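Chain and residue survey
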Amino acid sequence: MSLNVEADVSLQPFNTFGVATRARYLAHAHDDAEVGEALQAAKRLQLPLLVIGGGSNLLLTGDVEALVLRMASRGLRIVSSQGDAVLVEAEAGEPWHPFVQWTLEQGLQGLENLSLIPGTVGAAPMQNVGAYGVEIKDVFAGLTALDRHTGELREFTLDECEFAYRDSRFKREAGRWLILRVRFALARAGALRLDYGPLRQRLAEQGVSEPTASDVSRAICSIRSEKLPDPAVLGNAGSFFKNPLVSADLAAQLRVEHADLVAYPQADGQVKLAAGWLIEKAGWKGFRDGDAGVHRQQALVLVNYGGATGAQLLALARRIQADIQARFGVSLEIEPNIVGCVARVWQCRL
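Let me begin by describing the structure that accompanies this report. (Residues numbered from 1 in each chain as written. Predicted model: local features only at pLDDT ≥ 70, side-chain atom pairs only at ≥ 80, totals over all residues. Heavy atoms only, no water.)

Following the criterion strictly, the structure yields twelve aromatic pairs and no others. Taken together, a centroid distance of 4.9 Å and an interplanar angle of 85 degrees make the contact between Phe 156 and Trp 177 edge-to-face. Remark: Trp 177 occurs in strand β12 (residues 177-187) and Phe 156 occurs in strand β11 (residues 153-156); sequence separation between them is 21 residues. On the basis of relative accessibility, which here comes to 2%, the residue Trp 177 falls in the buried class. Seen in terms of ring centroids, Trp 277 and Phe 328 are 6.1 Å apart; in terms of plane orientation they differ by 50 degrees. Their pairing is tilted. Pair noted here: Trp 277 is in helix α10 (residues 275-281) and Phe 328 is in helix α11 (residues 310-328), with a separation of 51 residues, a long-range link. According to the relative accessible area criterion, Phe 328 is buried, its value standing at 6%. In textbook terms, an aromatic cluster arises when at least three aromatic residues are bridged by ring pairs, as seen for Trp 96, Phe 99, Trp 102 and Phe 184. The positively charged end of Lys 272 is found above the aromatic ring belonging to Tyr 165, 3.9 Å away from the centroid. The side chain of Arg 288 reaches across the aromatic face of Tyr 305, ending 4.0 Å from its centre. (Phe/Tyr/Trp six-rings, centres within 6.5 Å; stacked < 30°, edge-to-face > 60°. Helix = DSSP H or I, 4+ residues; strand = E, 2+ residues; numbered from the N terminus. Buried < 20%, exposed > 50% of the residue type's maximum accessible area, 1.4 Å probe, protein only. Lys NZ or Arg CZ within 6 Å of the ring centre and 35° of its normal.)

Okay, structure coming up:
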């Protein structure tokens with residue numbers, strides 16, 4: 001057996017909140033064979049298997065009684081190229097942003113709006129990661145996953161993934177599918193997605209009138225660096241709450257009370273509200289309770305100032321949820337996966 005399984009390991013280096021918890025066991029899978037060995041090891045140890053990537057969408061609220069498997073598989077390749085259409089594939093353990101930069105170096109576009117997002121390639125389809133007008137589903141071409149129930153490999157098409165806003169089949173069927181590699185349909189030429197107002201503004205400030213995909217990536221990196229704290233400096237998991245979808249009637253009512261409401265009508269008649277606006281309007285921006293707080297520049301981000309536990313961060317999130325519900329009649333859904341007991345361990349794959 002080539003898989004190295006360590007006992008009683010700190011998970012602080014493996015979650016971007018920097019929460020100091022421990023795993024009963026930890027292993028790193030570099031290929032499909034080691035993934036299979038990890039499944040067998042978990043059975044032998046009679047423990048659940050928690051699969052993580054970059055730990056950027058994870059809140060640990062206690063020690064983890066499981067075999068934690070970090071996906072460390074690496075590999076980038078161009079699968080096919082026909083005219084301007086190019087199919088690329090990346091292993092699940094590849095860090096997301098360096099992968100995006102690699103595609104740009106190949107002269108490809110499609111992922112530039114998703115620059116500087118933390119995490120790994122294998123985690124991206126789980127949440128249907130999205131930013132600045134682009135979601136994974138917009139560039140998705142397929143993936144290979146292991147069925148943890150049967151041990152068989154399965155190929156998934158776009159429709160079979162059942163992508164939705166920050167959601168997918170893999171998130172809803174957590175504990176069953178283990179994503180091994182993902183394919184993306186990119187292009188050598190075509191229209192760029194410049195719908196996001198601040199992106200157009202930043203490009204104009206930079207004097208870029210005819211942007212390339214690399215220009216868009218640099219602009220987005222600049223915007224994200226200003227808005228979001230670096231997890232290496234201040235522990236966080238990016239946006240902590242999803243932007244809520246509400247009825248048009250509720251949105252209209254809120255607009256009467258708050259003329260500056262940030263809202264986006266959806267094709268299905270619902271309205272998406274900016275969770276950050278709601279939280280800031282309620283006065284939580286910059287709030288701090290011990291080492292658990294809300295970022296001073298972005299109300300959507302909870303931060304660990306150094307010694308906060310996952311339980312303290314979750315308690316703060318619950319207070320914010322209750323206040324937003326009371327003030328606006330809007331339910332905020334937590335975006336990161338919450339892990340802290342055996343029963344919940346099965347539900348997390350990041």
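Here the phi dihedral of Asp 8 falls at roughly 50 degrees; this positive angle occurs in a residue that is not glycine. Considering the arrangement of structural elements, one finds Asp 8 in strand β1 (residues 5-10). What makes Asp 8 partly exposed here is its relative accessible area of 48%. The backbone of Arg 166 sits at a positive phi, close to 50 degrees, despite the residue not being glycine. Considering the arrangement of structural elements, one finds Arg 166 in the loop between α5 (158-161) and α6 (169-172).

On to the nonpolar core. Judged by nonpolar contacts, the single largest core of 41 residues is most densely connected at Trp 96, Phe 99, Leu 111, Ile 136, Leu 143 and Phe 184. Not counting residues within four places of it along the chain, the set of residues in contact with Leu 111 comprises Trp 96, Phe 99, Val 100, Thr 103, Val 139, Phe 184 and Leu 186. Counting residues in hydrophobic clusters, the runner-up holds 38 residues, among them Phe 240, Ile 279, Trp 284 and Ala 292. (Core = buried A, V, L, I, M, F, W, Y, C linked by side-chain atoms within 4.5 Å. Contact = heavy atoms within 4.5 Å.)

When its volume is computed, the second largest pocket comes out at roughly 310 Å³. If you trace the second largest pocket, you find 19 residues lining it, with Leu 39, Gln 40, Lys 43, Arg 148 and His 149 closest to the centre. In terms of residues, the lining of the second largest pocket owes the most to one element, helix α1 (residues 32-45), which gives seven residues. (1 Å grid on protein atoms, 1.4 Å probe; cavity = no way out; pocket = protein on both sides within 12 Å on 5 of 7 lines; lining within 4 Å. Points joined across faces, edges and corners; volume = space filled by probe spheres on them.)

With the rule as written, the count across this model stands at 28 salt bridges. Here Glu 91 and Arg 77 are joined by a salt bridge, their closest N and O atoms 3.2 Å apart. Placement of Glu 91 in strand β7 (residues 85-91) and of Arg 77 in strand β6 (residues 76-82) is noted, with a sequence separation of 14 residues between them. In this structure, the salt-bridge partner of Arg 154 is Glu 160, at a minimum N-O distance of 3.6 Å. One network of salt bridges, with partners in common, ties together Asp 32, Arg 77, Glu 89, Glu 91, Glu 155, Arg 181 and Arg 183. (Salt bridge = Lys/Arg side-chain N within 4 Å of Asp/Glu carboxyl O.)

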